[in-house]
There are 2 protein chains.
Amino acid sequence: MIIDCDIHNELSPDSLDRFLPQRWLDHRRRFGSRTHTGSAYPKGAPHAARADAWPPSGLAPGADLDFMREQHLDPLNVEYGVLNCLSPAGTQLNADYSAALCRATNDWQIAEWLDKEPRLRAGIVVPYEHPDLAAEEIDRVADHPGFIQVLLIARTAEPLGRRKYWPIFQAAERHKLPVGVHFGGGARGVPITATGWPSYYLEDHTDMSQAFQAHVISLVLDGVFERFPGLRIALIEGGFAWLPPLAWRLDAQWQRYADEVPQLTRRPSDYIHDHLWVTTQPIEEPHRPRDLLTVFEHLGGVDRVMFSTDYPHWDFDSPTRAFGVPLPAADAAAIYTENARSLYGLT
Amino acid sequence: MIIDCDIHNELSPDSLDRFLPQRWLDHRRRFGSRTHTGSAYPKGAPHAARADAWPPSGLAPGADLDFMREQHLDPLNVEYGVLNCLSPAGTQLNADYSAALCRATNDWQIAEWLDKEPRLRAGIVVPYEHPDLAAEEIDRVADHPGFIQVLLIARTAEPLGRRKYWPIFQAAERHKLPVGVHFGGGARGVPITATGWPSYYLEDHTDMSQAFQAHVISLVLDGVFERFPGLRIALIEGGFAWLPPLAWRLDAQWQRYADEVPQLTRRPSDYIHDHLWVTTQPIEEPHRPRDLLTVFEHLGGVDRVMFSTDYPHWDFDSPTRAFGVPLPAADAAAIYTENARSLYGLT
């Protein structure tokens with residue numbers, strides 16, 4: 001006879017169905033498991049997708065170029081679309097595997113997307129936590145006319161101004177490519193807030209703006225734009241109504257402690273205005289829609305604001321309904337096409 | 001004979017003076033050492049103090065009541081002053097020692113400050129990471145008329161909405177005391193940003209707003225204000241121009257994912273307006289000063305905005321110069337005295 005003091009019984013997917021109240025069965029179906037792994041899209045919207053974005057081909061949302069043409073590029077009259085391919089390639093802990101996955105992803109983007117559809121452009125996926133390898137990848141593919149930016153993810157291991165990342169900026173500047181920083185990332189065991197782990201998906205999603213705020217502060221104070229005066233950064237899916245208050249605060253504090261950052265030769269807000277672009281989705285929706293125009297005014301105008309939909313994701317913004325208020329014609333042209341045309345060199 | 005493979009040579013305070021360039025000698029004198037311990041005040045302003053705030057008595061800035069009267073309470077015509085005593089009492093890892101230090105600190109506040117100066121009120125210092133002990137301390141001293149809020153620090157171990165902290169809110173509500181959350185805290189090895197450690201003091205100082213943002217999101221989504229409908233929270237030294245964009249974003253996302261947080265019966269912004277107060281220092285200083293009035297408008301008015309100086313700290317705001325724009329008389333009265341009078345029950 002033995003007494004076995006360690007045996008593992010196993011839950012099947014439906015084991016708890018009889019025991020979990022309906023309210024939590026619904027929760028499990030729609031939101032699934034959320035643990036200490038950073039932002040995770042709700043199960044109820046697999047691939048974070050709009051319910052109607054699943055192609056008849058059986059491919060995942062965003063995976064079928066023909067369906068993308070039919071559902072998005074054609075009916076919305078998209079002159080150019082910037083692909084920001086989100087993949088785990090850039091965040092692998094094995095540096096060489098990360099670089100290999102990024103090379104493969106970029107070659108796939110060329111073969112399956114850029115060479116097939118003249119309206120599409122793409123960001124270069126890079127192993128961003130290994131900036132020397134990222135710079136190599138930028139050098140390898142930057143001359144392809146389809147690549148119009150370098151793509152980073154918002155929740156990097158350190159604030160982006162730190163010199164660890166400078167080889168990426170140097171390579172981007174060398175090739176006259178902007179650097180796009182996109183919502184996401186972060187399953188590194190580090191909480192998304194200054195105060196630990198949030199309870200909800202909705203909370204994590206809203207907290208994400210803070211990663212962008214930290215990058216803006218860091219890029220400015222670490223003197224990145226002094227070191228790389230040609231560098232242009234696009235903040236993608238991070239919102240922007242928080243940017244004017246942040247610039248005001250940074251200017252005010254900098255007046256008192258400028259000697260901590262002697263590398264700056266101008267006000268923080270000057271760098272912000274000259275070097276940062278933002279995309280619209282998810283656009284802040286003021287309670288009085290016309291207040292959006294005030295936000296633009298506080299930004300110093302709309303010359304750095306670029307339209308985006310986030311297709312095919314659940315929080316997609318429609319071009320006809322994204323702005324709750326009519327835009328002056330010149331502003332609309334700037335936001336919908338001209339600012340991106342200029343930043344990305346789209347002729 | 002031996003070969004000793006581990007001997008420690010020691011730097012004296014001036015050992016590097018001959019070897020460090022002047023630029024970094026100046027830096028060391030003014031900013032000192034900054035490592036992975038969160039916000040640290042520059043050495044050039046010990047105790048984070050205004051240069052003129054050192055009392056002739058030789059005590060530290062803020063430690064000498066007579067000097068505080070002479071330099072601050074009398075000349076600035078302070079009707080009431082709210083003491084937010086910053087001390088390491090609340091953050092001790094030994095829970096019982098933390099509670100003992102908090103009890104001693106509150107008894108000292110009664111004996112040396114509240115009983116001696118009728119214009120002063122104070123926050124109850126509590127062992128906030130041990131909420132059951134914090135609730136005990138609130139129960140112990142809440143009846144003293146000098147204590148008009150419970151004082152927490154911004155960088156707690158978890159977002160404040162989490163149920164760990166509910167005993168504090170329950171005790172505060174029981175005694176009809178607001179909870180003040182003040183700038184600071186965080187030397188727990190957890191970075192202040194979603195992307196790791198910032199390079200500069202100035203950066204850390206600006207990043208601190210994000211701790212407040214995370215708390216607002218968490219308090220709302222975790223349903224704290226449904227559970228404790230009488231609870232009022234004052235955000236102290238966190239800024240406030242970021243609050244309207246945050247509320248807009250939260251409302252918009254909540255419309256799509258309200259079923260993740262069924263505990264909410266109202267829009268996130270409704271809880272924010274009804275339950276949150278903010279103090280003015282460090283006030284955001286818009287480039288066009290009149291834009292401050294727009295910020296107030298986006299806040300839904302000034303009825304939750306309370307004046308503060310941060311005396312005796314370096315980033316002190318003077319009552320005559322804090323606002324770069326003339327305030328309407330009714331707004332000025334609300335901000336300078338009436339909102340605090342009402343929140344804190346000052347008659």
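What you are looking at is a predicted structure, and each value in this text was computed from that prediction instead of being measured.

1. Examining the overall build of chain A
Each helix and strand counted, chain A has twelve helices and seven strands in total. Oriented by its inertia axes, the alpha-carbon framework of chain A measures out at about 80 × 50 × 50 Å. Sequence separation of at least 24 residues holds for 74% of the intrachain contacts in chain A that already meet a minimum separation of 6. For chain A, the separation between the mean place of its 32 positive charges and that of its 46 negative charges on side chains is 2 Å.

2. Overview of the nonpolar core
In summary, soluble globular proteins display a tendency toward joint burial of nonpolar side chains. One finds Phe 169, Ile 233 and Phe 296 of chain B to be the most contacted residues of the largest nonpolar core, which totals 91 residues. Broken down by element, the residue count for this core peaks at seven residues, all from helix 7 (residues 209-221) of chain B. By size, the runner-up hydrophobic cluster in this structure holds 90 residues, among which are Tyr 165, Ile 233 and Tyr 271 of chain A together with Trp 248 of chain B.

3. Describing a nonpolar patch on the surface
Residues and elements named next belong to chain A. Together, Leu 11, Leu 16 and Phe 19 line one region of the surface with nonpolar side chains, adding up to about 310 Å² of accessible area. Inspection of the secondary structure assignment puts Phe 19 in the segment before helix 1 (22-30). For Phe 19, a relative accessible area of 55% puts it in the exposed group.

4. Digging into unusual backbone geometry
With the exception of glycine, the majority of residues adopt a negative phi angle, and the majority of peptide bonds are in the trans configuration. Residues and elements named next belong to chain A. Cis geometry marks the peptide bond from Gln 281 to Pro 282; its omega dihedral reads -5°. Tracing the sequence through the fold places Pro 282 in the loop between strand 6 (276-279) and helix 11 (291-298). Note that the residue after Tyr 311, namely Pro 312, is joined by a cis bond; omega there is 0°. Checked against the element boundaries, Pro 312 lands in the loop between strand 7 (305-306) and helix 12 (329-344). In this structure, Asn 77 is a non-glycine residue whose phi angle is positive, near 55°.

5. Observations concerning the sheet that holds strand 5 (residues 233-236) of chain A
Residues and elements named next belong to chain A. Pairing in this open sheet of seven strands is parallel, and the strands run 1-2-3-4-5-6-7 from one edge to the other. Every interior strand has two partners, whereas the edge strands, strand 1 (81-83) and strand 7, have only one. With two bridges joining them, strand 6 and strand 7 adopt parallel strand pairing. Paired with Val 278 across the two strands is Val 305, which belongs to strand 7. Sitting on the sheet, helix 5 (residues 166-174) is in contact with strand 3 (147-153), strand 4 (179-182) and strand 5, with an inclination near 165° to strand 3. Helix 7 (residues 209-221) rests against strand 4, strand 5 and strand 6 of the sheet, and its axis sits at about 165° to strand 5.

6. Quick notes on the interface of chain B and chain A
Quoted interface sizes are often the accessible area lost when the parts come together. Counting residues at the interface gives 79 residues for chain B and 79 residues for chain A. A buried area of about 6800 Å², summed over both sides, lies between chain B and chain A, and 55% of it is on carbon and sulfur atoms. In terms of surface lost to chain A, no three residues of chain B exceed Arg 249, Tyr 257 and Glu 260 of chain B, which account for 13% of the buried area on that side. Run the count over chain B and chain A and you get four salt bridges. Linking chain B to chain A there are 33 residue pairs in polar contact (both at pLDDT 80 or more). Elements supplying a minimum of two residues to the side of chain B that touches chain A: helix 1 (22-30), helix 6 (201-207), helix 7, helix 9 (243-257) and helix 11 (291-298) of chain B.

7. Some thoughts on the confidence of the model for chain A
With 98% of its residues at a pLDDT of 70 or more, chain A has an overall mean of 92. The ipTM for the predicted assembly is 0.85, set against a pTM of 0.90.

8. Overview of the relation of the copies chain B and chain A
For the pair of chain copies, the relating transformation is a rotation about an axis with a translation along it. Each copy superposes on the other: chain B lies on chain A with an RMSD of 0.1 Å after a rotation of 180° and an axial shift of 0.0 Å. Look at the turn and shift together and you get a two-fold axis relating the two. Minimal C-alpha separation from the rotation axis in chain B is found for Trp 242 of chain B, amounting to 2.8 Å. A shared interface surface links the copies, since 100% of the contact residues of chain B are contact residues in chain A too.

9. A short note on the sheet that holds strand 7 (residues 305-306) of chain B
All names here are of chain B. Across the sheet, which stays open at both edges, the seven strands sit in the order 1-2-3-4-5-6-7 with parallel pairing between neighbours. Of all strands in the sheet, those bounded by a partner on one side alone are strand 1 (81-83) and strand 7. Here four bridges tie strand 2 (residues 120-125) to strand 3 (residues 147-153), and the two strands are oriented parallel to one another. Each residue of the ladder has a partner; that of Ala 122, found in strand 3, is Phe 147.

10. Structural notes on helix 7 of chain A
All names here are of chain A. With 13 residues, helix 7 extends 19 Å between its outermost C-alpha atoms, agreeing within 8% with the 18 Å of an ideal straight helix rising 1.5 Å per residue. By the criterion of burial, helix 7 is predominantly enclosed, with 13 of the 13 residues buried. Backbone geometry just after helix 7 places Gly 223 at a positive phi near 75°.

11. Examining the pattern of salt bridges
Residue and element names in this part refer to chain A. Summed over the entire model, instances satisfying the criterion amount to 42 salt bridges over all chains. For the salt bridge of Arg 28 with Asp 17, the shortest nitrogen-to-oxygen distance reads 2.5 Å. Taken together, the residues span a long stretch of sequence, with Arg 28 in helix 1 and Asp 17 in the segment before helix 1 at a distance of eleven residues. Of the charged contacts in the structure, one is a salt bridge between Arg 267 and Asp 251, with a shortest N-O distance of 3.9 Å. Taken as a pair, Arg 267 in the loop between helix 9 (243-257) and helix 10 (268-275) and Asp 251 in helix 9 lie far apart in primary sequence, 16 residues in all. Three or more residues are tied together by salt bridges with common partners; here these are Asp 66, Arg 69, Asp 74, Glu 117 and Arg 119.

12. Remarks on the pairing of strand 3 of chain A
Residues and elements named next belong to chain A. Burial runs high along strand 3: seven of the seven residues are buried. Chirality of the crossover, the property in question, places the unit of strand 2 (residues 120-125), helix 4 (residues 131-141) and strand 3 among those that are right-handed. Note: strand 3 against strand 4, four bridges, orientation parallel. Across the sheet, Leu 151 pairs through a bridge with Gly 180, a residue of strand 4.

13. What to know about the environment of Leu 160 of chain B
Residue and element names in this part refer to chain B. Of note, Leu 160 is situated in the loop between strand 3 and helix 5 (166-174). Leu 160 gets classed as buried once you look at its relative accessible area, which sits at 0%. Setting aside residues no more than four positions away along its own chain, Leu 160 makes contact with Leu 152, Tyr 165, Phe 169, Val 181, His 215, Ser 218 and Leu 219.

Criteria and cut-off values
- Numbers given for residues are sequential positions, taken from 1 along each chain in its written order.
- As a convention, the first chain written is A and the first ligand written is 1, with the rest following in written order.
- Only residues with pLDDT of 70 or above have their local features reported here, since the model is predicted, and side-chain atom pairs are shown and tallied only from 80 upward, although totals for entire chains, interfaces and linings are computed over all residues.
- As a convention, hydrogens and water are excluded, and side-chain values are obtained from all of the structure's heavy atoms.
- Going along the chain from the N terminus, every DSSP run of H or I of four or more residues is numbered as a helix, and every run of E of two or more is numbered as a strand.
- Contacts are residue-level and defined by heavy atoms, with any inter-residue pair within 4.5 Å sufficient.
- This count recognises Lys and Arg as positive and Asp and Glu as negative, with His and chain-terminal groups excluded.
- All charge positions are set by atom: Lys at NZ, Arg at CZ, Asp at CG, Glu at CD.
- Buried Ala, Val, Leu, Ile, Met, Phe, Trp, Tyr and Cys residues that are joined via side-chain atoms within 4.5 Å together make up what is termed a nonpolar core.
- Type-normalised accessible area, obtained with a 1.4 Å probe on protein chains alone, sets the label of each residue: buried when under 20%, exposed when over 50%, and partly exposed for intermediate values.
- Every patch collects residues that have over 30% relative accessible area and no salt bridge, joining them within 9 Å if they carry like charges and within 5 Å if they are nonpolar side chains (Val, Leu, Ile, Met, Phe, Trp, Tyr).
- Throughout, the Shrake-Rupley method with a 1.4 Å probe supplies accessible areas, and for residues the shown protein chains are the sole cover considered.
- Salt bridge criterion: a side-chain nitrogen from Lys or Arg within 4 Å of a carboxyl oxygen from Asp or Glu.
- A pair of strands is labelled paired if DSSP reports no fewer than 2 bridges between them.
- Fitted lines through C-alpha atoms serve as axes, helices being fitted only where they are in contact, and the angles separating the N-to-C directions of these axes extend from 0 to 180 degrees.
- Buried area is understood as the total, over both parts, of accessible area removed when two parts are fitted together, assessed with a 1.4 Å probe.
- Throughout this description, a polar contact denotes any pair of N or O atoms lying within 3.5 Å of each other; where both atoms belong to protein, one of them has to be capable of donating a hydrogen while the other can accept it, and for residues adjacent in sequence the pair is counted only when both atoms sit in side chains.
- By definition, pLDDT measures how confident the predictor is in each residue, and it falls between 0 and 100.
- Alignment of copies: least-squares fit on C-alpha atoms of residues with pLDDT of at least 70 in both copies.
- Every helix has an expected span of 1.5 Å times one less than the residues it contains.
- Look down the strands so they point away from you; if the path from the first strand over the helix to the second goes clockwise, the crossover is right-handed.

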